[in-house]
Amino acid sequence: MSSPLSAAPKFRMSKPDWLDSPKVFRTEVLAGLVVALALIPEAISFSIIAGVDPAVGLFASFTMAVVISVVGGRKAMISAATGAMALVIAPLNHEYGLGYLIAAVILGGVFQVILGALGVAKLMRFVPRSVMVGFVNALAILIFMAQVPEMHDVPWMVYPLIAAGLALMVFFPKVTTVIPAPLVSIVVLTVITVAAGIAVPNVGDKGDLPSSLPVPGLPDVPFTMDTLSTIAPYAFAFALVGLMESLMTAKLVDDITDTHSNKTRESLGQGAANIITGFFGGMGGCAMIGQTMINVRVSGARTRLSTFLSGVFLMLLCIAFGPIVSDIPMAALVAVMIMVSVATFDWHSIAPKTVKRMPLGEMIVMVITVACVVATHNLAIGVVVGCITAMVIFAKRVAHMVNVSGVVDPDGNQVVYAVTGELFFASSNDLVYQFNYTDDPDDVVIDLTDAHIWDASTVAALDAIETKYKQRGKKVTIIGLNKPSADMHGRLAGQLTGSH
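Here's what I pulled together on the structure shown here.

**Things to note about the packing of helix α5 (residues 98-117) against helix α9 (residues 225-257)**
So, point 1. Interhelical geometry of α5 versus α9 gives an angle of 55° and a closest axis separation of 7 Å. Taken together, the axes of α5 and α9 are oblique relative to one another. Crossing angle aside, the handedness with which α5 passes α9 is right-handed. Contacts from Y100, A103, A104, V105, L107, G108, F111, Q112 and L115 in α5 reach T227, L228, T230, I231, A232, A235, F236, F238, A239, L240, G242 and L243 in α9.
So, point 2. Looking at the contact of α5 with α9 residue by residue, the classes come out as 16 nonpolar, five polar and no charged.

**Focus on the sheet that holds strand β5 (residues 443-453)**
So, point 1. Pairing is mixed in the open sheet, where four strands are placed in the order β3-β4-β5-β6. Strands at the two margins of the open sheet, each flanked by one partner only, are β3 (403-408) and β6 (475-479). Averaged over all pairs of adjacent strands, the angle between their axes in this sheet comes to 20°, without regard to strand direction.
So, point 2. Along the sheet, helix α20 (residues 483-492) contacts β5 and β6; its crossing angle with β5, the most-contacted strand, is approximately 120°.

**A word on helix α14 (residues 330-344)**
So, point 1. If you check α14, its first and last C-alpha atoms are 21 Å apart, about what 15 residues at 1.5 Å a residue would give, namely 21 Å.
So, point 2. The element α14 is extensively covered by neighbouring structure, given that twelve of its 15 residues are classed as buried.
So, point 3. Along α14, the residues that are buried comprise M330, A331, A332, L333, V334, A335, V336, M337, I338, V340, S341 and T344.
So, point 4. Structurally, α14 contributes buried residues whose contacts are with α2 (22-50), α6 (129-147), α7 (158-175), α8 (181-196) and α11 (289-298).

Rules used in this analysis
- Residues numbered from 1 in each chain as written.
- Predicted model: local features only at pLDDT ≥ 70, side-chain atom pairs only at ≥ 80, totals over all residues.
- Heavy atoms only, no water.
- Axes fitted to C-alpha atoms, helices over the stretch in contact; angles between N-to-C directions.
- Helix = DSSP H or I, 4+ residues; strand = E, 2+ residues; numbered from the N terminus.
- Parallel < 35°, antiparallel > 145°, perpendicular 65-115°, else oblique.
- Left-handed = near helix turned anticlockwise from the far one by under 90°.
- Contact = heavy atoms within 4.5 Å.
- Nonpolar A, V, L, I, M, F, W, Y, C, P; charged D, E, K, R; others polar.
- Pairing = 2+ DSSP bridges.
- Expected span 1.5 Å × (residues − 1).
- Buried < 20%, exposed > 50% of the residue type's maximum accessible area, 1.4 Å probe, protein only.

As structure tokens, this is what we get:
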């Protein structure tokens, strides 16, 4: 007789994918290092936007990257402190202080976990491709625009350094791809500026780097309903913006790597990462598209190791190699981000051949998405406006596909109207005007065999048609309803106005 233990399922730990080969391991490690170097000035800049100490942004980038590498649903995606999230919670910090900002980050994480559990990730299926392309192109433009201040009112040597950095990233991969070109560019330009004593803006000019690891603690706020009511609106906006950017980025990485990710797990993971980040005194964050593109597209990373190491290297560089990191010229990082911008932009989407073949409505959606994102510097607003525009254009297009044709019997006693198409609010509004109420015979048949009723607006339109014929002493019979349409019509017919 077998024991109960022998019948139990056997679980085996699968080998991490980054151990598949030394080449994969090396790629992931070097990618993590490049991302960490690029994260430092950005995290400091976002801290300035939020009005907090640079350490708050750097701690957020460290904890977000490390936690999401374990609990996230998209391998190789980088999550850290971001400008969009900083803008959402900056007013809270300016008015109430850092404690309230940290509390909002924790509550925002809780909201993200709740939204993830409710299945908010499934809404991604309603984002059209034209919005996705607009999102990517707007992002590339924003990444480039973020570099413009670093090229304005600076010593003239900054420009040749940027050009040298771009040249290295273009031509070095032709020599070897063993070491990521961005890392080579950063190291070479740093050595040149330090050895030659060239005075140009560097990472150290952005702010002081932390000298120790973050420690956990509770936010310094009164735990009252007043505090909750103050931070809740900011926390909810924080949660929505963070989830939208993260899910859109995950979808983008899915397309680039031709793999599928678990969007629900990513939603839950973003929430968990923000909760932990808040308890460690960080300003929260979400997926970073620029750094993710460095990791996935430029450096070729594909596993969780690169994400984990980007956070670990970030703290290691700040604490152990702070003075060296501070000497990295901003020109080197600007060159990297310009390269990322060029690689991110979907150039095929604006090629003359594509523009010529693409439906006008889809081009309009893409342009509106880009315009909204660039105007507001908020990816979430652009995506929402783009989706609404796409829905309106789709509704208008489908509405015109409804056709009504009437055939009178030879004896003149009956007319049969055949209705084809999808009947909903946009198409059914004109339905009432497609019938000849005065001249039709007394027996009117409306055949909906090739149509489908989607909403109450259509039932109301059919009620109105019946009423108009009834006023003229004529009888209407509706036939051909499929089961869902019959159920809706049977439930709502005659019940939509107070006159019945």
